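Coordinate analysis (summary)
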2 protein chains.
Amino acid sequence: MTEEKREDNTIYVGKKPAMGYVLAALTQINNGAKEVLVKARGKLTAKAITVAEVLKNRYVPDLEVKDVKIGTEELTSEEGKVSRVSAIEILLSKKA
Amino acid sequence: MTEEKREDNTIYVGKKPAMGYVLAALTQINNGAKEVLVKARGKLTAKAITVAEVLKNRYVPDLEVKDVKIGTEELTSEEGKVSRVSAIEILLSKKA
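Scoring rules and cut-offs
Residues numbered from 1 in each chain as written. Chains lettered and ligands numbered in written order. Predicted model: local features only at pLDDT ≥ 70, side-chain atom pairs only at ≥ 80, totals over all residues. Helix = DSSP H or I, 4+ residues; strand = E, 2+ residues; numbered from the N terminus. Expected span 1.5 Å × (residues − 1). Buried ≥ 20, exposed ≤ 12 C-beta atoms within 10 Å, placed from the backbone. Arc of directions from axis to C-beta. Contact = placed C-beta atoms within 7 Å. Nonpolar A, V, L, I, M, F, W, Y, C, P; charged D, E, K, R; others polar. Least-squares fit on C-alpha atoms with pLDDT ≥ 70 in both. Axes fitted to C-alpha atoms, helices over the stretch in contact; angles between N-to-C directions. Left-handed = near helix turned anticlockwise from the far one by under 90°. Parallel < 35°, antiparallel > 145°, perpendicular 65-115°, else oblique. Pairing = 2+ DSSP bridges.

All names here are of chain B. The terminal C-alpha atoms of helix H1 (residues 18-30) lie 19 Å apart, and with 13 residues this matches the ideal 18 Å at 1.5 Å per residue to within 8%. Buried within H1 are the following residues: Ala-18, Tyr-21, Val-22 and Ala-25. Buried residues of H1, seen end-on, are gathered within an arc of 105 degrees and therefore sit on one face of the element. Residues of H1 that are exposed and angled more than 90 degrees away from the buried face: Met-19, Thr-27 and Asn-30.

In structure tokens, the structure reads:
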């Protein structure tokens, strides 16, 4: 689950409503980005899928899902306790 | 999001704890299945990722994520109202 050079076009999906992340991605595309990477962890992975699907189906018809990666990430709490969470990375790319 | 001939090895992730689906998939593999397909819709897509990751990381080390598809499905309620939900399909396959 490592990504290089793509940080600028990465949308980290958090607790806000999905639409905010859709609009953030749309802004990047309107600013010339050819691809965006939608990332999330834990329960937010479900929202990441929704963000990608709404963006593609409703706003950017020439966008396609180029790659979907799933994985497990380790989180270390302040007390040093390690827990594991699921993660997803969805790479959306403009059709050539 | 259509799948043929794989129904026997499909795990539909629902509201029960993730571990039940992990064990269901493990049973299929122990019965000779070379691949299993983990499917879910809506918020349960997050649990599907966890099911796939736990199965692979903790129980079947020679399993790999062969394909992940995301999509949108339409649900029709009894009143005929159509709503859309995100969906995921994770194909796990034994390494050759």
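Frequently, the measure chosen for interface size is the accessible area that the parts lose on association. In this complex, chain B contributes 17 residues to the contact, which on the side of chain A involves 17 residues. At the level of secondary structure, the elements contributing two or more residues to the side of chain B that touches chain A comprise helix H2 (44-59), strand E3 (63-76) and strand E4 (82-94) of chain B. The element contributing the most residues to the side of chain B that touches chain A is H2(B), with seven residues. Class assignment of the residues belonging to the side of chain B that touches chain A gives a composition of eight nonpolar, seven polar and two charged.

Moving on to the environment of A:Val22. Residue and element names in this part refer to chain A. Secondary-structure assignment places Val-22 in helix H1 (residues 18-30). When the 23 C-beta atoms within 10 Å are taken as the criterion, Val-22 is described as buried. Residues Val-22 and Glu-73 lie 51 residues apart in sequence; the distance between their C-alpha atoms is 24 Å. Non-local contacts of Val-22, meaning those with residues more than four positions away in its chain, are made with Val-51, Val-54, Leu-55 and Tyr-59.

The next point concerns the relation of the copies chain B and chain A. When chain B is fitted onto chain A, the two copies agree to an RMSD of 0.0 Å after a turn of 180 degrees and an axial shift of 0.0 Å. The two molecules are tied by a two-fold rotation axis, judged by turn and shift. Relative to the rotation axis, the C-alpha of B:Ala46 is the closest in chain B, positioned 2.5 Å from it. In this assembly the copies share their binding face: 100% of the residues contributing to the interface of chain B also contribute to that of chain A.

It is worth spelling out the packing of helix H2 (residues 44-59) of chain A against H2(B) at this point. One way to put it is that H2(A) packs onto H2(B) with a least axis distance of 6 Å and a crossing angle of 115 degrees. Considering only the axes of H2(A) and H2(B), their crossing is right-handed. For the pair H2(A) and H2(B), contact is made by A:Thr45, A:Ala46 and A:Ile49 and by B:Thr45, B:Ala46 and B:Ile49, respectively. Looking at the contact of H2(A) with H2(B), its residues break down into four nonpolar, two polar and no charged.

Turning our eyes to something else, we now look at the packing of H1(A) against H2(A). All names here are of chain A. For the pair H1 and H2, the least separation of the axes is 9 Å and the interaxial angle reads 55 degrees. When the axes of H1 and H2 are compared, the pair comes out oblique. As H1 runs across H2, the sense of the crossing is right-handed. Contacts between H1 and H2 pair Ala-18, Tyr-21, Val-22, Ala-25 and Leu-26 from the former with Lys-47, Thr-50, Val-51, Val-54, Leu-55 and Tyr-59 from the latter. Of the residues contributing to the contact of H1 with H2, the split by class is nine nonpolar, one polar and one charged.

Strands sit in the order E1-E2-E4-E3 (chain A) across an open sheet of four strands; the sheet is mixed. In this open sheet, the two strands that pair with only one neighbour each are strand E1 (10-12) and strand E3 (63-76) of chain A. Along the sheet, successive strands turn relative to each other by an average axial angle of 20 degrees, direction set aside. Direction of pairing for strand E2 (residues 35-41) of chain A relative to strand E4 (residues 82-94) of chain A: antiparallel, over a ladder of seven bridges. Within the sheet, the bridge partner assigned to A:Glu35 lies in E4(A) and is A:Ser93. Running over the sheet, H1(A) touches E1 and E2 of chain A and is turned about 155 degrees from E2(A). Across the sheet, H2(B) touches E3 and E4 of chain A, and the angle it forms with E3(A) is around 65 degrees.

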